[in-house]
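# An overview of the molecular structure
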Amino acid sequence: MLEVAALAQAQPLTLDDAIRRTLAAAPQTASTAARIEAQTAARTAAGLGPQPTIEVTTENFGIPSGDLYDQFQVTATYSQRIERGGKREARVAVVDRDMDVTRAEAIVVRLDVIAQVQRLYVEVQATEAQIGIARQRLTMARMVEAEVKRRVASAKDPLFAGMRATTSVSEASVDVELAIHARDAALKRLAAMWGGASAGLSVPTSDFLSFKHEPVGAAGAAPADLAVFVARGARADAAINLQVANAKRDPTISAGPRFIGTGDVALVAGVSLPLGGRRISDARLAEAQADRRRVEADLAVERFTRERTIALAVEKVEETAHEAEAIRDQVIPNADLTLMEVRVGYNRGFFSYVDVSAAQTTLANARAR
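The notes below deal with the structure included here. (Residues numbered from 1 in each chain as written. Predicted model: local features only at pLDDT ≥ 70, side-chain atom pairs only at ≥ 80, totals over all residues. Heavy atoms only, no water.)

## Section: the environment of Glu 89
Tracing the sequence through the fold places Glu 89 in helix H5 (residues 87-153). Sequence separation between Glu 89 and Gln 243 is 154 residues, and the spatial gap between their C-alpha atoms is 12 Å. (Helix = DSSP H or I, 4+ residues; strand = E, 2+ residues; numbered from the N terminus.)

Right under this line is the structure:
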């Protein structure tokens, strides 16, 4: 009675409520925000161009003596590397695709958390259903015990029959206690997802054993399932474009004044262009292209695995639903009718307590299935 009153006062916890509480307390959100913040800073850095340099050189300096002192020179040059091939845009694109990968991974993490909450929620519903089954068994055991004691009192059954009936009641009582403990433990595991307390919460089970006759098709993997691989493919494409851009040689333009010891000033200008590096560029491009092919292969494997996993799950759902409906519509009514007839026959002296106990166990097992 105390438990019934406590459940009446408990706050119903829906699956959506459990998911919202868990996501609000999940540390993954802060981790994703920190990663995005770091990548935003990296994007800003990637969008910056090459920094200019200032170089000061001196020539012909030493102990002043004659012509040597007259030829003392100081040159100051300002150099700037000119990027070609869209390197800056390619770098920014790579960081943008990194951010897309982070967001896609965050979605998958959230979905994994939601799936875990769903499993724990259903576990609580299942343990709650077990309580109902245990109580039904206890009720039947007490009814049979009353019938057995009446027959024992009238010397129609031996004393041990009454002891066995009493033992069955004790076992059923223990099963109820264990079922309640399992429900409370499952509810604590669910509340632990958001770091809360399970006290004062209850999970509705009104529709837990109701079967929905909705056709379930063997659909392919949802876009969210493959979002990470799609984002990684886009990132690999951006990396290829970056290596193509990096293959372009960047000239460096420099200019500046030259001060001569005679008091004259001259203007110095120049252009430099790097030599070689073609083999390194080709190797890095090949590496990026190979990484793109790897991502495509991973995507194909993931799609193949998920589609077959979904197909097997759909088949398992349909098979299990058919089994549950058959037990509910055929086995349980027959087992219930059998127990009623055996009890009536037992009261009239046609059956033994063993027959009643067997019929009672058959009905309890069918409900548990």
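Resuming the write-up.
## What about helix H3 (residues 28-46)?
Here H3 spans 26 Å end to end across 19 residues, near enough to the 27 Å set by a 1.5 Å rise per residue. When we look at burial in H3, the residues that qualify are Ile 36, Gln 39 and Ala 46. For H3, the buried positions fall inside an angular range of 75 degrees around the axis, keeping them on one side. What points out from H3, more than 90 degrees from its buried face, is the exposed set Ala 30, Glu 37 and Thr 44. Lining the buried residues of H3 we find H5. (Expected span 1.5 Å × (residues − 1). Buried < 20%, exposed > 50% of the residue type's maximum accessible area, 1.4 Å probe, protein only. Arc of directions from axis to C-beta. Contact = heavy atoms within 4.5 Å.)

## Description of the sheet that holds strand E5 (residues 252-260)
Here four strands make up an open sheet; going across it, the order is E2-E3-E5-E6 and the pairing antiparallel. Only two strands of the sheet have a single neighbouring strand rather than two, namely strand E2 (53-59) and strand E6 (265-272). Ignoring strand direction, the axes of neighbouring strands in this sheet form an average angle of 20 degrees. Both strand E3 (residues 73-81) and E5 contribute to a ladder of seven bridges, which runs antiparallel. (Pairing = 2+ DSSP bridges. Axes fitted to C-alpha atoms, helices over the stretch in contact; angles between N-to-C directions.)

## What to know about the environment of Asn 347
Checked against the element boundaries, Asn 347 lands in helix H8 (residues 278-347). Between the C-alpha atoms of Asn 347 and Val 148, which are 199 residues apart in sequence, the distance is 8.6 Å. Not counting chain neighbours up to four residues away, the residues in contact with Asn 347 comprise Glu 147, Arg 150 and Arg 151.

## Structural notes on the nonpolar core
In this structure, Leu 13, Ala 18, Val 124, Leu 187, Leu 190, Trp 194 and Val 203 are the most contacted members of the largest nonpolar core, which totals 16 residues. Listed by contribution, the elements that provide at least two residues to this core are helix H2 (15-25), H5 and helix H6 (159-191). Sequence-distant contacts of Leu 187, defined by excluding residues within four places in its chain, comprise Val 124, Ser 198, Leu 201 and Val 203. By size, the runner-up hydrophobic cluster in this structure holds 14 residues, among which are Val 148, Val 152, Ala 165 and Ala 335. (Core = buried A, V, L, I, M, F, W, Y, C linked by side-chain atoms within 4.5 Å.)

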